[in-house]
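# Structure at a glance
Single-letter residue listing:
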Amino acid sequence: MKPASDERTPDGGEYLAARPDREQLLSVRSTDRDDAVVLTVEGDVDGLTAPRLGTALASAFNRLGGRLLVVDLSRVVFLGSSGLRTLHESALVAAREHDLDQLRIVVDHTRPVIRPIEIVGLDQVLALFNTVSDALAAGDLR
Amino acid sequence: MPPSSDQDRRLEHDRSRAAEATLQLVLDVDWVSPSIARDRLRRWLTAHRWSPAHVDDLVLALNEAVSNSIEHGHGLTAPTRDDSAQPVEVHGRVVTESDGARHVELTVRDRGSWRAPADAHSSAGSSRGHGVTIMRACVEEVTVDRTDDGTTVVLRSRSVPPPLT
């Protein structure tokens, strides 16, 4: 299967070609809508895979225009500090170059994803929603 | 029914190992190692009938300790591996206390010389301490012993009641 452009790794993906088993830890799927770019993230976000999520986020920000960026983490089964850092960085990018309100994160409010987000206090920074449709339907948050 | 394939045999082998008293892992300095450590710890604790919420917290804490050993101990900031580096060792044991309660002690040892994160001064530098914050929140006690020979982190879990018989 031809990888989507947002699934390239920062180093060109050579190590993934050599060790395809690593690819299975995380999948990031990007969907463009009129009102939003939706990133559907599935699997483990750790030190190995967080750069790939970061690349997908950067790519989405680049073509965002005035649209929302919805990051659906509801099928993420593990989120470590590397993933938290990537989310934090995306919030900083949104605040600096767009509008923090444009970035919306969808999480299942049960473990395992909400727990690390709350431990480090990112729930105070990120706009969190229960479902993608909630995130899309919510109006101007300011 | 006897195992019918290599994969089945491996699974059978893993199951028989899972309930062992101690957990022993020798991990490459490689970013794939934290996921291996998470998986093995989860299976080991499940075999010891640890509750899922406690398992999740210990898996989070161990992930951070192993990731720190790979990132800080050996300076691997991008997903790659260092074949020349000494491996990271993980040792886990279940400790039964006098009243029958149990806790888990996880020791993560690397032979690296600690170095500051490469992008400590970037805009995200303030979020660099998340790993330590997570470890402290997820276990009862975190002990870090850093010497010239490497770093040893001991994670002591909260005590849980004795298993129901």
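Conventions and cut-offs
- Residues numbered from 1 in each chain as written.
- Chains lettered and ligands numbered in written order.
- Predicted model: local features only at pLDDT ≥ 70, side-chain atom pairs only at ≥ 80, totals over all residues.
- Heavy atoms only, no water.
- Helix = DSSP H or I, 4+ residues; strand = E, 2+ residues; numbered from the N terminus.
- Buried < 20%, exposed > 50% of the residue type's maximum accessible area, 1.4 Å probe, protein only.
- Contact = heavy atoms within 4.5 Å.
- Pairing = 2+ DSSP bridges.
- Axes fitted to C-alpha atoms, helices over the stretch in contact; angles between N-to-C directions.
- Parallel < 35°, antiparallel > 145°, perpendicular 65-115°, else oblique.
- Left-handed = near helix turned anticlockwise from the far one by under 90°.
- Nonpolar A, V, L, I, M, F, W, Y, C, P; charged D, E, K, R; others polar.
- 1 Å grid on protein atoms, 1.4 Å probe; cavity = no way out; pocket = protein on both sides within 12 Å on 5 of 7 lines; lining within 4 Å.
- Points joined across faces, edges and corners; volume = space filled by probe spheres on them.
- Buried area = accessible area lost by both parts, 1.4 Å probe.
- Salt bridge = Lys/Arg side-chain N within 4 Å of Asp/Glu carboxyl O.
- Polar contact = N/O pair within 3.5 Å; in protein donor to acceptor, adjacent residues only side chain to side chain.
- Expected span 1.5 Å × (residues − 1).

Within an unreviewed UniProt entry, the label attached to chain B reads ATP-binding protein, and the organism entered is Actinophytocola gossypii.

Going by an unreviewed UniProt entry, chain A carries the name STAS domain-containing protein and comes from Actinophytocola gossypii.

A few words on the overall build of chain A. Assigned secondary structure in chain A consists of five helices and five strands. Shown N-terminal to C-terminal, the secondary structure of chain A runs as helices and strands in the order α-β-β-α-β-α-β-α-β-α. For chain A, buried positions account for 51% of its 142 residues. Across chain A, contacts joining residues at least 24 apart in sequence account for 66% of those joining residues at least 6 apart.

Residue and element names in this part refer to chain A. Here we have five strands laid out as an open sheet, ordered S1-S2-S3-S4-S5, and mixed in their pairing. The two strands at the open ends of the sheet, each matched to only one other strand, are strand S1 (26-32) and strand S5 (127-129). Sheet twist, expressed as the average angle between the axes of neighbouring strands with direction ignored, equals 20°. Judged from the seven bridges that link them, S1 and strand S2 (residues 36-45) form a sheet pairing that is antiparallel. Note on S2: the bridge partner recorded for Thr-31 is Val-38. Packed on one face of the sheet, helix H2 (residues 50-62) meets S1, S2, strand S3 (68-79) and strand S4 (103-106) and runs near 180° to S2.

This part covers the packing of H2 of chain A against helix H3 (residues 81-97) of chain A. Residues and elements named next belong to chain A. Axis separation between H2 and H3 bottoms out at 9 Å; the angle between their running directions is 15°. One finds that H2 runs roughly parallel with respect to H3. Judged by the twist between their axes, the crossing of H2 over H3 is right-handed. Where H2 abuts H3, its residues Ala-50, Leu-53, Gly-54, Leu-57 and Phe-61 lie against Ser-82, Gly-83, Thr-86, Ser-90, Val-93 and Ala-94. Here the residues of the contact of H2 with H3 sort into six nonpolar, five polar and no charged.

Let us look at empty space enclosed by the protein. It is the rolling of a water-molecule-sized probe over the atoms that shows where space remains empty. One pass over the structure, following the stated rule, counts one cavity of 30 Å³ or more. By volume, the largest cavity is sized at about 70 Å³. As for the largest cavity, its lining consists of Val-77, Phe-78, Arg-111, Pro-112 and Arg-115 of chain A together with Arg-42, Asp-56, Asp-57, Val-59 and Leu-60 of chain B. If one sorts the elements of the lining of the largest cavity by residue count, helix H3 (residues 52-71) of chain B sits on top with four residues. Its residues placed into classes, the lining of the largest cavity shows five nonpolar, no polar and five charged.

It is worth spelling out the interface of chain A and chain B at this point. Taken together, the contact between chain A and chain B spans 25 residues of the former and 27 residues of the latter. The largest per-residue losses of area from chain A upon contact with chain B belong to Phe-78, Arg-85 and Ile-119 of chain A, which jointly make up 25% of the total buried on that side. The tally of links between chain A and chain B comes to four salt bridges. We note a salt bridge from Arg-115 of chain A to Asp-57 of chain B, for which the minimum N-O separation is 2.6 Å. The interface formed by chain A and chain B holds five residue pairs in polar contact (both at pLDDT 80 or more) in total. When residues of the side of chain A that touches chain B are traced back to their parent elements, those giving at least two are S3, H3 and helix H4 (114-119) of chain A. Here the side of chain A that touches chain B gets six residues from one element, more than from any other, and that element is H3 of chain A. Residues of the side of chain A that touches chain B, tallied by class, amount to twelve nonpolar, four polar and nine charged.

Helix length check: H2 of chain A (13 residues) gives 18 Å between terminal C-alpha atoms against 18 Å at 1.5 Å per residue, within 8%. Along H2 of chain A, the residues that are buried comprise Ala-50, Arg-52, Leu-53, Ala-56, Leu-57, Ala-60 and Phe-61 of chain A.

By the secondary structure assignment, Thr-49 of chain A is in the loop between S2 and H2. Residue classification places Thr-49 of chain A among the buried residues on the basis of a relative accessible area of 1%.

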